4 protein chains.
Amino acid sequence: MSGNTFGKLFTLTTFGESHGPALGAIIDGCPPGVPVDEATLQHELDRRRPGSSRFTTQRREPDRVRILSGVFEGVTTGTSIGLMIENTDQRSKDYSRIKDQFRPAHADYTYHHKYGLRDYRGGGRSSARETAMRVAAGAIAKQYLAGRGIRVRGYMSQLGPIGIEFRDWQAVDENPFFCPDPDKVPELEDYMEQLRRDQDSVGAKISVVAEGVPPGLGEPVFDRLDAELAHGLMSINAVKGVEIGDGFAAVAQRGSEHRDEMTPDGFLSNHAGGVLGGISSGQTIIAHLALKPTSSITTPGRSIDIHGEPVEVITRGRHDPCVGIRATPIAEAMMALTLMDHLLRHRGQNQDVAVTTPRLS
Amino acid sequence: MSGNTFGKLFTLTTFGESHGPALGAIIDGCPPGVPVDEATLQHELDRRRPGSSRFTTQRREPDRVRILSGVFEGVTTGTSIGLMIENTDQRSKDYSRIKDQFRPAHADYTYHHKYGLRDYRGGGRSSARETAMRVAAGAIAKQYLAGRGIRVRGYMSQLGPIGIEFRDWQAVDENPFFCPDPDKVPELEDYMEQLRRDQDSVGAKISVVAEGVPPGLGEPVFDRLDAELAHGLMSINAVKGVEIGDGFAAVAQRGSEHRDEMTPDGFLSNHAGGVLGGISSGQTIIAHLALKPTSSITTPGRSIDIHGEPVEVITRGRHDPCVGIRATPIAEAMMALTLMDHLLRHRGQNQDVAVTTPRLS
Amino acid sequence: MSGNTFGKLFTLTTFGESHGPALGAIIDGCPPGVPVDEATLQHELDRRRPGSSRFTTQRREPDRVRILSGVFEGVTTGTSIGLMIENTDQRSKDYSRIKDQFRPAHADYTYHHKYGLRDYRGGGRSSARETAMRVAAGAIAKQYLAGRGIRVRGYMSQLGPIGIEFRDWQAVDENPFFCPDPDKVPELEDYMEQLRRDQDSVGAKISVVAEGVPPGLGEPVFDRLDAELAHGLMSINAVKGVEIGDGFAAVAQRGSEHRDEMTPDGFLSNHAGGVLGGISSGQTIIAHLALKPTSSITTPGRSIDIHGEPVEVITRGRHDPCVGIRATPIAEAMMALTLMDHLLRHRGQNQDVAVTTPRLS
Amino acid sequence: MSGNTFGKLFTLTTFGESHGPALGAIIDGCPPGVPVDEATLQHELDRRRPGSSRFTTQRREPDRVRILSGVFEGVTTGTSIGLMIENTDQRSKDYSRIKDQFRPAHADYTYHHKYGLRDYRGGGRSSARETAMRVAAGAIAKQYLAGRGIRVRGYMSQLGPIGIEFRDWQAVDENPFFCPDPDKVPELEDYMEQLRRDQDSVGAKISVVAEGVPPGLGEPVFDRLDAELAHGLMSINAVKGVEIGDGFAAVAQRGSEHRDEMTPDGFLSNHAGGVLGGISSGQTIIAHLALKPTSSITTPGRSIDIHGEPVEVITRGRHDPCVGIRATPIAEAMMALTLMDHLLRHRGQNQDVAVTTPRLS
């Protein structure tokens, strides 16, 4: 595998560049009989769509997804599912100016050294535009998981220096930040306005949870559920850190504090984030991810060109001042894809021994 | 794949339970001609060996590794390499008492629900004893990488509440904590003594770096180098968080601060931790990992048994009061394995276009 | 992996049903810098295109391929390549009649039992129409291999009872049968006419060879070159047998006859078909494949319906009376894909030891 | 993957050279609760063991298998299973003479060009001795399949020029040839005696069948059951051809003859060999494989050495005059491993839609 496939039994393979004719994906291993229509996928795509608020890139892409195979009479058939989104708003001329330059903190320099050549238009394959297909595929996984009582949701838990406490799920969908605390939204808006004036960008922290996951998902020892979640989440553009449960806070905790005790009525805490020994425990799965600030800012930066000469780079184009703002649906998608893959792998191997021990509620 | 294999072109597959007859591994895809001998592997194994200081488990395992194939006349042949370590100090009777109990924060409950049955002796497959084979395989990867100017090293950067600044590499090997600041060692010793008196355990933070990595390693978009590092590091027992470069600190950073500017003389900073767009940049690769406190403590804890009845659990056995103490060689091994896999994958795909742009030193 | 991906480092993943909106593919792991254009792909597609002679199905599909990603300024970029062919001539009403019936020797019964439901229009995913994407991807592999002096070609070596000796390559492209002996073509035409009058179909044998393959390709012990060729060739619709070199004739041979002796001037024979111990020897790779007769014939056949009741099935639609006639470009594609994958895998693992022994010419 | 792993969800990875210290394997993905003991594995190993009759190599290997992990209290635990056989009767000095020579029709020349160096003792990794681990792993698969009513058996169907009709299964285990016709055994013995006097070797044809396989196994389009069977069987040393069902005989058949008609009472024939569209039909799976004559014969042969100079090679050592004689248990193992992998993959993906159509008996 050369990097464009995620998952093992339920797999997503994608293609597409920022300014190419189209983005596309093939989903393989989807069980038959899952109700899937373009409207459901479109709903998720609209959540991450560019141009949907004044705090994100002004590129206008309708992101209309087409299902090209694998669905017949409204349900999946079990064969591979082809998806496609045509690109419509590519202004490639925006980029010809930086054709020979390496924008700092972008993948320009590394792609150039990896492949010896690159599609420089809008970052080519390294553009976050690629994540649209993750969201479309994640919508199918979410639908499948929902049919088994599993729900994956996410929210913004920090924007730059502003921490955000979880308040309620309804609020998340009512502001462009996926902020779960409606009272914080004005502060976030003010911060973003200031950022725009400063011609700068900032990082964000996103939290994703999955409720209703049965115990038993995850494959020891290398394909632990948390390890593959970390893989999936870290593969999202701009992500620099991943935590499961208490994450880095666990470093300073004592065992007597961290261990989640059990009683017949359930676990007494969830420091572990729903994963023990790499396998889901039946508790809510909790993950946090750190996104770095957008690299494309209009403040000039020092760099070199492909001849090794020094240049000053100003990235104009149309960019998100905080890539984290649109990252919530993408993080949800990666968690849903990971869970679905593990659900299928688990039931492939394990159904010969009946488990009679009651599950903790 | 069912979870016991790591890597794609250079792969490690392992077996073995804490109290079974042996641990073993098969390494596939190792290039021919690499000098490998048991002494080199043994050296790395001795670094993580149990019973090597009073701050780790008192289980005495010589961890003698045997090379069973793939090496002929002192060098690898390119065929699969078989490794084995016989277990010698299994006191299984220590565990019969907890046969029907689920120890809190252990994998007992989750393995039971996954498989319907489990080897309860010392955690069976979920024991950190499994990591011995990672270290043995990592020694081969390290040796290969060293031949190409790449060096992977790690150190403890936090023990419970005690932060540790990096001072020098030589210190790391001169104390049982892999502590890079010799002046901190007495404080760490005192803390561990107190912990023992409290019958408790604590978490730790480990940092791993790779110097000399050429630009170009990592496969977009899902198998980015940072994503697969996160996968490998999160798959280590007790790890709850992974950061690349500035990690979670990037959340509060601005783009003008985070982006690592370039001049013909090199990068001006390394917030990215050596990875841009998922591909190595030629800078030092930097990763941090958070380990939770050891779950096995002698302080009684509430739990349930396999019949769902409440029980009080005291984990006696022989345990590390801080699993993080022996984690440094394991983290190094996972980074070395990841880099080697990516080196081979990269050169499989990419050598048809010559890169003429100078690399930054 | 759920079956729609071929290869390991250079991979082809496909989607598409006979009567869905489109067929598509993602090629991953293609080296950068390979000249690729739609015309080259189209040339190969035209060789297998339906409706191109009176001896093949009368379905008229232009099979226009679009390259959607991974190619920039005329060459591959190293990122995933998306391909698509829109279906245009689907007459789905032809099939509604057999919606509840299992056509004998088709995949209807087995897909139904595998998935519980199926796209019955023209065989859905099980249609040989799927092979178009193999041919398009194979064209890229052929182009890459050609740049390294490797040439993959095939021909029909038997049509029903009529054996065909190899005469010359030029003849192959000058008749619709891919027949290498121009003098045999009239006999083949007469046979096909008779077959049409008999409302019947027949099998065929195809031979594929690769010249210029360097020694060393193939991965012991399970991914031998011949094993993966057998995998690829047997995965073509209707194939029931695969031979490498002398194949089944080797059963009655003696070792003194079969072994290909070597002199400094080269091998003295090629019974092995270019593969020794699963690794290419530098000789011409030779494979033969057996295709069964087309299952869709207008002669009525006994079968059952989805309720288990007996029915009489007559397959009208538009069908090839000999699926083997269009199989040559498909077999070439599978051999080219297999060789390219192995070339990349081989060079990923093996370039640390210099081979000084001269290669046999 | 670098070639030493077979299967996708249920996987076998092996190591070991002919004259190294040991052979070994790791089986991953085995469901928990399968009764496994060393005696069962030993029984299968004894069927392929060298030195068991005067018609096979006189190397004396007890082939004692040890189970090192993954089995607890007599049943599998679901974790990876480690197996090992120590080599005991290596006479490496037999081989030092041919250290610099390439034996004709062996893998010497190709391994040398692939890796640049090789373990020349007894063929190293390319020795058929490697197949012992396939048989051991196959024994576990057979046991699992037997618990689900699936039985895999094989027999010799041709020895050199002598065709053998199937008579009965009991006979197969009562002679060293796995010959199903007891009346043919004297003829086979005479032929082998003559062969020995001629200092020559000969090929063989083996047939393998699986009864009780449910419909639905096999993954379209590339991982069809027949394609993966072909992969597995072709990966056995010396195999040059694989047929499913009628195989190459289908070339001359007409559609009206080949198609297996169905009635509510079942299929009326089995030309397809139990696979339609790459998916099992519920009929008996039938495969045939062609093995070339043993390459090691004492009749001198022309070859070259590693310097490219001409040499005359006489292979003394201890060799099977017909490698096909011991191939039956190996072919059974590969079929059992393939079926088990597909059974698990199928049930991972497909159990959301209930199939109500009756299965044909």
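Chain A appears in an unreviewed UniProt entry as Chorismate synthase from Halomonas halmophila. Recorded under Subunit (unreviewed entry), the UniProt text for chain A is reproduced unchanged: "Homotetramer." Looking at chain A in UniProt, the text filed under Sequence similarities (unreviewed entry) is "Belongs to the chorismate synthase family."

Caption draft 1: A look at the overall build of chain A. Scanning chain A from N- to C-terminus turns up nine helices and 18 strands. Computed over its C-alpha atoms, the radius of gyration of chain A comes to 21 Å, within 12% of the 21 Å expected for a compact globule of 361 residues. Counting only C-alpha atoms and orienting by the principal axes, one finds that chain A spans roughly 65 × 50 × 40 Å. Each of the 361 residues in chain A was classed as buried or not, and the buried ones make up 70%. Considering only contacts in chain A between residues 6 or more positions apart, those separated by 24 or more positions represent 71%. Working note: accessible area of chain A is about 10,400 Å², and carbon and sulfur atoms make up 47% of it.

Caption draft 2: Examining the relation of the copies chain C and chain A more closely. Relative to chain A, chain C is turned by 180 degrees and slid 0.0 Å along the rotation axis, the superposed coordinates differing by an RMSD of 0.0 Å. Such a combination of rotation and displacement between the chain copies is what one expects of a two-fold axis. A shared binding surface is used by both copies, with 100% of the interface residues of chain C retained as interface residues in chain A.

Caption draft 3: Representation of the interface of chain C and chain A within the structure. Facing the 46 residues of chain C at the interface are 46 residues of chain A. A combined buried area of about 3,500 Å² lies between chain C and chain A, and 61% of that area is made up of carbon and sulfur atoms. Between Arg66 of chain A and Glu86 of chain C there is a salt bridge, and its shortest N-O distance comes to 3.7 Å. Inspection of the chain C/chain A interface yields ten residue pairs in polar contact (both at pLDDT 80 or more). Where the side of chain C that touches chain A is concerned, the elements lending two or more residues are strand S2 (11–15), strand S3 (22–28), strand S4 (65–67), strand S6 (75–76), strand S7 (81–86) and helix H3 (108–115) of chain C. Class assignment of the residues belonging to the side of chain C that touches chain A gives a composition of 17 nonpolar, 19 polar and ten charged.

Caption draft 4: Inspection of helix H6 (residues 185–197) of chain B at higher detail. Residue and element names in this part refer to chain B. In this model H6 runs 19 Å from its N-terminal to its C-terminal C-alpha over 13 residues, within 8% of the 18 Å that 1.5 Å per residue would give. Restricting attention to buried positions, one finds in H6 the residues Val185, Leu188, Tyr191, Met192, Glu193 and Leu195. Buried residues belonging to H6 abut strand S8 (151–159) and strand S9 (162–163). Of the residues flanking the end of H6, it is Gln199, one or two places downstream, whose phi is positive at about 50 degrees.

Caption draft 5: The sheet that holds strand S4 (residues 65–67) of chain D, seen in detail. Reading across the sheet, the five strands line up as S1-S2-S3-S7-S4 (chain D) and stay open at both edges, with antiparallel pairing between neighbours. In the strand order of this sheet, the two ends are held by strand S1 (5–6) and S4 of chain D, each with one partner.

Caption draft 6: Quick peek at the relation of the copies chain D and chain C. For the pair chain D and chain C, the best superposition has an RMSD of 0.0 Å and corresponds to a rotation of 180 degrees with a translation of 0.0 Å parallel to the axis. Comparing contact sets, 99% of the residues at the interface of chain D also lie at the interface in chain C, consistent with an isologous, same-surface contact.

Caption draft 7: Focus on the pairing of S2 of chain C. All names here are of chain C. In terms of burial, S2 is a largely internal element, five of the five residues being buried. Alternating residues of S2 divide into Thr11, Thr13 and Phe15 and Leu12 and Thr14, and every residue in both groups is buried. The pairing of strand S1 (residues 5–6) with S2 spans two bridges and is classified as antiparallel. Looking at the pairing, Phe6 lines up with Leu12 of S2. The hairpin formed by S1 and S2 contains four residues between the paired strands, and Gly7 there has a positive phi angle of roughly 100 degrees. Pairing geometry for S2 and S3, over five bridges, is antiparallel. What sits directly across from Leu12, in S3, is Ile27. Counting the residues that bridge the hairpin from S2 to S3 gives six residues, and of these Gly16 lies at a positive phi of roughly 125 degrees.

Caption draft 8: Representation of the UniProt feature "binding site: FMN" (unreviewed entry) in chain A in the model. Residue and element names in this part refer to chain A. Listed under "binding site: FMN" (unreviewed entry) in the UniProt record, and renumbered for this structure, are Arg125, Ser126, Ser127, Asn237, Ala238, Gly277, Lys292, Pro293, Thr294, Ser295, Ser296 and Arg318. Structurally, the position occupied by Ser295 is in the loop between strand S16 (285–291) and strand S17 (301–304). Overall, Ser295 belongs to the buried group, its relative accessible area being 10%. Apart from the residues lying within four places of it in its own chain, the contact partners of Ser295 are Pro104, Ala105 and His106. Within polar-contact distance, the side chain of Ser295 engages the backbone oxygen of Ala105 at 3.1 Å. Here Ser296 is to be found in the loop between S16 and S17. Those residues within four positions of Ser296 in sequence are excluded, and the remaining contacts are Arg103, His106, Thr315 and His319. A polar contact of 2.7 Å, which involves the side chain of Ser296, links it to the side chain of His106.

Caption draft 9: Local environment of the interface of chain D and chain C. Of the residues lining the interface, 120 residues belong to chain D; the matching set on chain C comes to 119 residues. Seen at the junction of chain D and chain C, the total is eight salt bridges. Ionic pairing is found between Arg224 of chain D and Glu130 of chain C, a salt bridge with its closest N-O pair at 3.6 Å. Summed over the shared surface of chain D and chain C, the number is 60 residue pairs in polar contact (both at pLDDT 80 or more). Counting residues per element, the side of chain D that touches chain C draws most heavily on helix H3 (residues 108–115) of chain D, at seven residues. Here strand S11 (residues 239–244) of chain C runs beside strand S11 (residues 239–244) of chain D; their pairing, made up of three bridges, is antiparallel. Pairing of Gly241 of chain C across the sheet is with Glu243 of chain D, part of S11 of chain D.

Caption draft 10: Expanded view of the sheet that holds strand S1 (residues 5–6) of chain B. Residue and element names in this part refer to chain B. Across the sheet, which stays open at both edges, the five strands sit in the order S1-S2-S3-S7-S4 with antiparallel pairing between neighbours. Edge strands, defined here as strands with exactly one partner in the open sheet, are S1 and strand S4 (65–67). One ladder, built from six bridges, connects strand S3 (residues 22–28) with strand S7 (residues 81–86); its direction is antiparallel. Bridge pairing in S7 places Ala25 opposite Leu83. This element, helix H1 (residues 38–48), spans S4 and S7 of the sheet and lies at about 150 degrees to S4.

Caption draft 11: Representation of the nonpolar core. Judged by nonpolar contacts, the single largest core of 315 residues is most densely connected at Leu83 of chain A, Leu83 of chain B, Leu83 of chain C together with Leu83 of chain D. Filtering out sequence-adjacent residues up to four positions away, Leu83 of chain C remains in contact with Leu23, Gly24, Ala25, Ile27, Leu41, Val65, Arg66, Ile67, Met133, Ala136 and Ala137 of chain C.

Caption draft 12: Examining unusual backbone geometry more closely. Cis geometry is adopted by the peptide bond preceding Val221 of chain B, which originates at Pro220 of chain B and carries an omega value of 5 degrees. Despite not being glycine, Ala105 of chain C has its phi angle at roughly 70 degrees, a positive value. With respect to the helices, strands and loops of the structure, Ala105 of chain C is situated in the loop between helix H2 (93–96) and H3. Despite not being glycine, Ala238 of chain D has its phi angle at roughly 80 degrees, a positive value. Among the secondary structure elements, Ala238 of chain D is positioned in the loop between helix H7 (225–234) and S11. Accessibility expressed as a relative area gives 18% for Ala238 of chain D, which makes it buried.

How each quantity is defined
Residues numbered from 1 in each chain as written. Chains lettered and ligands numbered in written order. Predicted model: local features only at pLDDT ≥ 70, side-chain atom pairs only at ≥ 80, totals over all residues. Heavy atoms only, no water. UniProt positions renumbered as here; feature names shortened; annotations may be inferred. Helix = DSSP H or I, 4+ residues; strand = E, 2+ residues; numbered from the N terminus. Rg over C-alpha atoms; globule rule 2.2 N^0.38 Å. Buried < 20%, exposed > 50% of the residue type's maximum accessible area, 1.4 Å probe, protein only. Contact = heavy atoms within 4.5 Å. Areas by Shrake-Rupley, 256 points an atom, 1.4 Å probe, with all protein chains shown as cover. Least-squares fit on C-alpha atoms with pLDDT ≥ 70 in both. Buried area = accessible area lost by both parts, 1.4 Å probe. Salt bridge = Lys/Arg side-chain N within 4 Å of Asp/Glu carboxyl O. Polar contact = N/O pair within 3.5 Å; in protein donor to acceptor, adjacent residues only side chain to side chain. Nonpolar A, V, L, I, M, F, W, Y, C, P; charged D, E, K, R; others polar. Expected span 1.5 Å × (residues − 1). Pairing = 2+ DSSP bridges. Axes fitted to C-alpha atoms, helices over the stretch in contact; angles between N-to-C directions. Core = buried A, V, L, I, M, F, W, Y, C linked by side-chain atoms within 4.5 Å.

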